[in-house]
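Notes for the structure review
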Amino acid sequence: MVRRIDVTGSGGVRLAAWEFTDPPKRGGVGDGGRRPGVLLLHGLMGRASHWADTARRLSGVHRPIALDQRGHGRSEKPAEGPLDRAAYVEDAIAAIEQLELAPAALVGHAMGALTAWQVAARRPDLVSALVICDMRASALGAASQREWTEWFRSWPVPFATLADVRKWFGEDDPTLERPRPARGEFFAEVMAERADGWRPVFSRRQMLSARETWVHDAHWEELAQVDCPALVVRGLDAELGRAEAQEMVRVLPRGTYAEIPDAGHLLPWEQPDAWCRVIEPFLGALAAHT
């Protein structure tokens, strides 16, 4: 069962959270607290529904909820923002508190992982564990932002069909080194049909604005402030390199490391079984001690 729960984020922004388990028998959000809470945070351009498979696999032991972050999915997309780090962190804190998930395990992909460890550093009382999936702690710099700007401009929007979406993002995108069908499926899930064809459900301008607020900065200091158990996961072909990932594990006071072969940036969707084999024991061991 999937149900939507509305959350009020920072500045009153309306956020959509999605619970992938049966509702509590006694009624009310908080009664599900017998199972340890897990908040799943997607990356830039993602949406909560991307986590459906992961959430269902975790639901036997945990209470997993995925959040559509501001500017994404079914959540509000405030034209004037803010889309800075503080807003995303405060939104996640609001979700944990309003959904009565604390202390919650935070599972984040890319930008969502950055949000997760910033929440853990700022509010350790709310976080029991952290899973960081393919997010760098180093600054990416201005060149990276320019590359993203050019990449967005290269999109042949609108797409005539969803098949065209899958093909372009999974095969034809010139930034790809080899075909990645899972990537095509990932982007098909963030498209909506308009009068002239299929377009993204998010604003590319807003995505660049959100990225601008963290791409120029390093985030090692906040990583070092994470006191809870933390797992850093990367794919062999991911954006996070092995050396940096292992340095992140060293900086984390209670960090551990996992690597998944034949996977890139979208490793939870490229290798879902391997992804779950990595995170389930980590989260399960923590749940057993709560």
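Everything below is about the structure shown above.
What comes next concerns the included structure. Because the structure is a prediction, the values reported are computed rather than measured.

Among the nonpolar cores identified, the biggest contains 98 residues, and Trp117, Ile132, Trp155 and Trp275 are the most heavily contacted of them. If one sorts the elements of this core by residue count, helix H3 (residues 111-122) sits on top with 8 residues. The contact partners of tryptophan 155, leaving out residues within four places of it in the chain, are Met45, Trp168, Phe169, Phe187, Met191, Pro200, Phe202 and Arg204.

Across the 6 residues of strand S4 (residues 63-68), 6 count as buried, placing the element largely inside the fold. Going residue by residue along S4, you find Arg63, Ile65 and Leu67 tucked away on one face and Pro64, Ala66 and Asp68 tucked away on the opposite face as well. With 4 bridges connecting them, strand S2 (residues 14-19) and S4 associate as antiparallel partners. Looking at S4, one finds that glutamate 19 is bridged to isoleucine 65. For strand S3 (residues 37-41) and S4, the ladder comprises 5 bridges, and the chain directions are parallel. If you follow glycine 37 over to S4, its bridge partner there is arginine 63.

To continue, consider the packing of aromatic side chains. Tallying each qualifying case throughout the model produces 17 aromatic pairs. Where phenylalanine 159 meets phenylalanine 169, the ring centres are 5.7 Å apart and the plane angle is 45 degrees; that geometry is what we call tilted. With a gap of 10 residues between them, phenylalanine 159 in the loop between helix H4 (141-154) and helix H5 (162-172) and phenylalanine 169 in helix H5 connect regions that are remote in the sequence. Accessibility classification places phenylalanine 159 together with phenylalanine 169 in one group, the buried group. Consider the rings of tryptophan 168 and phenylalanine 169, whose centres lie 4.9 Å apart with planes at 85 degrees: the pair is edge-to-face. The burial state of tryptophan 168 is the same as that of phenylalanine 169; both residues are buried.

With that settled, consider the layout of surface pockets. What the largest pocket holds in volume is close to 1000 Å³. Within the residue set of the lining of the largest pocket, elements represented by two or more residues are H4 and helix H6 (181-188). For the lining of the largest pocket, the element with the highest residue contribution is H4, accounting for 4 residues. Tallied by class, residues from the lining of the largest pocket come to 15 nonpolar, 6 polar and 11 charged.

In this section: helix H7 (residues 204-212). By the burial criterion, the buried members of H7 are Gln206, Met207, Leu208, Ala210 and Arg211. In this fold, the buried residues of H7 make contact with helix H2 (85-98) and H4.

A few words on the environment of tryptophan 168. Of note, tryptophan 168 is situated in helix H5. Sequence separation between tryptophan 168 and arginine 183 is 15 residues; the distance between their C-alpha atoms is 9.6 Å. Beyond its immediate stretch of four places on either side in the chain, tryptophan 168 contacts Trp151, Ser154, Trp155, Pro156, Phe159, Asp173 and Pro174.

Another aspect to go through is H4. Owing to its 3.6 residues per turn, the α-helix brings residues three or four apart onto one side. Given a rise of 1.5 Å per residue, 14 residues ought to cover 20 Å, and the 21 Å separating the end C-alpha atoms of H4 matches this to within 8%. For H4, the full list of buried residues reads Ser144, Gln145, Trp151 and Phe152. Along the axis of H4, the buried residues cluster in a sector spanning 120 degrees; they form a single face. In H4, the exposed residues that point more than 90 degrees away from the buried face are Arg146, Glu147 and Arg153. Buried residues along H4 sit against H5, H6 and H7.

Turning our attention to the packing of H4 against H7. The N-to-C vectors of H4 and H7 enclose an angle of 170 degrees; their axes lie 11 Å apart at closest approach. Between H4 and H7, the angle falls in the class roughly antiparallel. When H4 is examined against H7, the residues Ser144, Gln145, Trp148, Thr149 and Phe152 are found in contact with a partner set consisting of Arg204, Met207, Leu208, Arg211 and Glu212. Split by residue class, the contact of H4 with H7 holds 4 nonpolar, 3 polar and 3 charged.

About the criteria used
- Residues numbered from 1 in each chain as written.
- Predicted model: local features only at pLDDT ≥ 70, side-chain atom pairs only at ≥ 80, totals over all residues.
- Heavy atoms only, no water.
- Core = buried A, V, L, I, M, F, W, Y, C linked by side-chain atoms within 4.5 Å.
- Buried < 20%, exposed > 50% of the residue type's maximum accessible area, 1.4 Å probe, protein only.
- Helix = DSSP H or I, 4+ residues; strand = E, 2+ residues; numbered from the N terminus.
- Contact = heavy atoms within 4.5 Å.
- Pairing = 2+ DSSP bridges.
- Phe/Tyr/Trp six-rings, centres within 6.5 Å; stacked < 30°, edge-to-face > 60°.
- 1 Å grid on protein atoms, 1.4 Å probe; cavity = no way out; pocket = protein on both sides within 12 Å on 5 of 7 lines; lining within 4 Å.
- Points joined across faces, edges and corners; volume = space filled by probe spheres on them.
- Nonpolar A, V, L, I, M, F, W, Y, C, P; charged D, E, K, R; others polar.
- Expected span 1.5 Å × (residues − 1).
- Arc of directions from axis to C-beta.
- Axes fitted to C-alpha atoms, helices over the stretch in contact; angles between N-to-C directions.
- Parallel < 35°, antiparallel > 145°, perpendicular 65-115°, else oblique.

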